[in-house]
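Summary of the model geometry
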Amino acid sequence: MVDNADNSGIDFKSKLYLFETADGDMGVCASIDSKSDFTDMLESLAKKGNCTRITKRHDINYALLRNSWLVGFDDSRVVLIGPITPSQQTDAMQTVRKYFGQDEEHSMLVTRMYERLDAMESPVGLVCRVDALPEKIALPFLLGAPKDADASQVMVAATIRNEAETMIVEYDTYSDNARIDESLNAARTNFRQLGANAFDRYDSNSALGLFLDVNGSSFLPYLQNNKATQSLLAGINTIIDIDNILRSVDGELVVSIPKVMNNDNVSQVRLMAKLASLEWMKDIDYWKKSCPSGASISDVGSRAYCCSNGNMEFYFGVTPKQYFVSGNNASDVTDGDEAVSAQLPQSVKTQMAGHRLALVLNVKSVIGNDNKGVEQIIGSLLGDVRYICCVKK
C-alpha cells in the first residue's frame, strides 16, 4: 500500500515494537520523525480507498486502515492495533488513548519483559508468554515446567535473524515464578546436544519436526507433566505401553508431523527414537491379547506391527539398527533406517546441530497447497523464508 517507506514519516532508525494485547489483538508501536509525511501518507491512502479520513480526539489523530486496523498517532508516536471490526473502533480508540496517556512508571518500560527485550543484542527480539504461541508448537517450550505450571507462567525470550531461506530463532525459557524457573533450568541438563546425524531420517517436506537427544527415563516425566501430551499418551497406552517404550530410549528422538492436523490423530505423527533396550518387546504378545474391544495389533513384517481400532491405523516397530519407529505407513517402520531423499538443507542442519532442542517448520507445508492467499500474506511478512528453525540456547 505504501510506495516509499522512506517518505512514510516513520522513524525506521529507532526500535519498532510488535505486541499482542491481553484481548488477543495485535499491535505495532513506532516513532515518527515527520508528522507531516506520515499525515500525507494516510491522506494518500484515503484517496485510494485504503484508509478513512483522519479524525482528531483529545490531541490524538485516528484513522482506520483497510476497515481492520486502527491507527493512532501524535507528533512523535504511532500505534496500530487490530484486526478490529468497525463496531469495535470506539473501544479501540479508548485503548489507544490509554496507551498514549500512560506515564513511564505504569508503562511496559518498567516490566521485566521489556527489560529482557531491551537487553537483547539482535536486529529482532521476542519476549512472550507461551500461551501467546500457536497451540501446535507450544509443547517444546513447556518441557521441564512443573505439572501444575500454566502456559501463562512460562516465558520465551528469543533472538531472530534470517540467513538465506531460513529464519533462525534462538530461544530460552524462563519464569518470573522462582519455583517454575528452577524447574526449567534443572531440565536443561536432561537435554543433550544434538549430533550431526540426528536429521538424516527426517523428511524435509514435513510441516514440523522436533529434535531431541535424551535418556527416556528422565524425559518421560516431562511428557507426563504436560497437559497437551497427557491425553495423547493415555490414548496410546490403551493399546501399547508407550510409556515403557519411551523409558527404553537413549539417544536421538525425532517427532515429525507431515501436515498440520486439525485434531490429535496420533496416526499423523511420526516418531523415531534410538533404543537402549528391547525388553518391552516381550510384552507385545500380551498387548495383542489385551486390546480394547474393536482394536487389534497385527504383524506386518519382522518386528513391525499395525495397530487399528476402526477409526485410525498406525504402525510401529523396531529397525535393524535398533530405532523405534511409528507412523501412518508400514514403510515408516520397514524403511526406518534409511536416510530420506528429501533432506533438510545442510545449512539448516548446521544451525540445529549442537543445540539441546531444535524445532523446524516448513513454511509451505504448514500453510498447505490450497491457501494461496495466506501464502502471499506470509510471503510479504517473511520474504523468501522456506524454513523457520527454533533452537534452544
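Everything in this summary refers to the structure shown in the same document.

Parameters at a glance
- Residues numbered from 1 in each chain as written.
- Predicted model: local features only at pLDDT ≥ 70, side-chain atom pairs only at ≥ 80, totals over all residues.
- Heavy atoms only, no water.
- Patch = residues over 30% accessible without salt bridge, like charges linked within 9 Å, V, L, I, M, F, W, Y side chains within 5 Å.
- Areas by Shrake-Rupley, 256 points an atom, 1.4 Å probe, with all protein chains shown as cover.
- Salt bridge = Lys/Arg side-chain N within 4 Å of Asp/Glu carboxyl O.
- Lys, Arg positive; Asp, Glu negative; His and termini not counted.
- Charge placed at Lys NZ, Arg CZ, Asp CG, Glu CD.
- Helix = DSSP H or I, 4+ residues; strand = E, 2+ residues; numbered from the N terminus.
- Core = buried A, V, L, I, M, F, W, Y, C linked by side-chain atoms within 4.5 Å.
- Buried < 20%, exposed > 50% of the residue type's maximum accessible area, 1.4 Å probe, protein only.
- Contact = heavy atoms within 4.5 Å.
- Pairing = 2+ DSSP bridges.

**So, a negative patch on the surface**
A surface patch of like charges, here negative, comprises Asp-33, Asp-37, Asp-40 and Glu-43. Here Asp-40 lies in helix H1 (residues 35-47).

**Points about the nonpolar core**
If you look at the biggest cluster of nonpolar residues, it comprises 63 residues, and the most contacted ones within it are Leu-212, Phe-219, Ile-240, Leu-253, Trp-280, Ile-297 and Phe-316. Apart from the residues lying within four places of it in its own chain, the contact partners of Ile-240 are Ile-245, Trp-287, Ile-297, Cys-307, Phe-314 and Phe-316. Grouped together as the second largest cluster of nonpolar side chains are 17 residues, Leu-194, Phe-199, Phe-211 and Ala-358 included.

**Here we look at unusual backbone geometry**
Trans peptide bonds make up the majority, and among non-glycine residues the majority have a negative phi. Between Gly-82 and the following residue, Pro-83, the backbone shows a cis peptide bond with an omega angle of -5°. In the Ramachandran plot, Arg-66 falls in the positive-phi region, its phi being about 55° despite a non-glycine side chain. Structurally, Arg-66 is set in the loop between strand E4 (60-65) and strand E5 (69-73). A positive phi is found at Gln-322, a non-glycine position, where the angle reads about 65°. Tracing the backbone through its elements, the reader meets Gln-322 in the loop between strand E15 (313-318) and strand E16 (323-327).

**Observations concerning the environment of Ile-81**
Along the chain, the position of Ile-81 falls in strand E6 (residues 77-82). The class of Ile-81 is buried, set by a relative accessible area of 3%. Distance in space between the C-alpha atoms of Ile-81 and Asn-309 is 48 Å, their sequence separation being 228 residues.

**What to know about the pairing of strand E17 (residues 358-362)**
E17 sits mainly inside the fold: five of its five residues count as buried. By the alternation rule, side chains of E17 split into Ala-358, Val-360 and Asn-362 and Leu-359 and Leu-361, which are all buried. Two elements, strand E10 (residues 208-215) and E17, share four bridges in a ladder whose sense is antiparallel. Counted as the bridge partner of Gly-209 is Val-360 from E17. With five bridges joining them, E17 and strand E18 (residues 387-392) adopt antiparallel strand pairing. Across the sheet, Leu-361 pairs through a bridge with Ile-388, a residue of E18.

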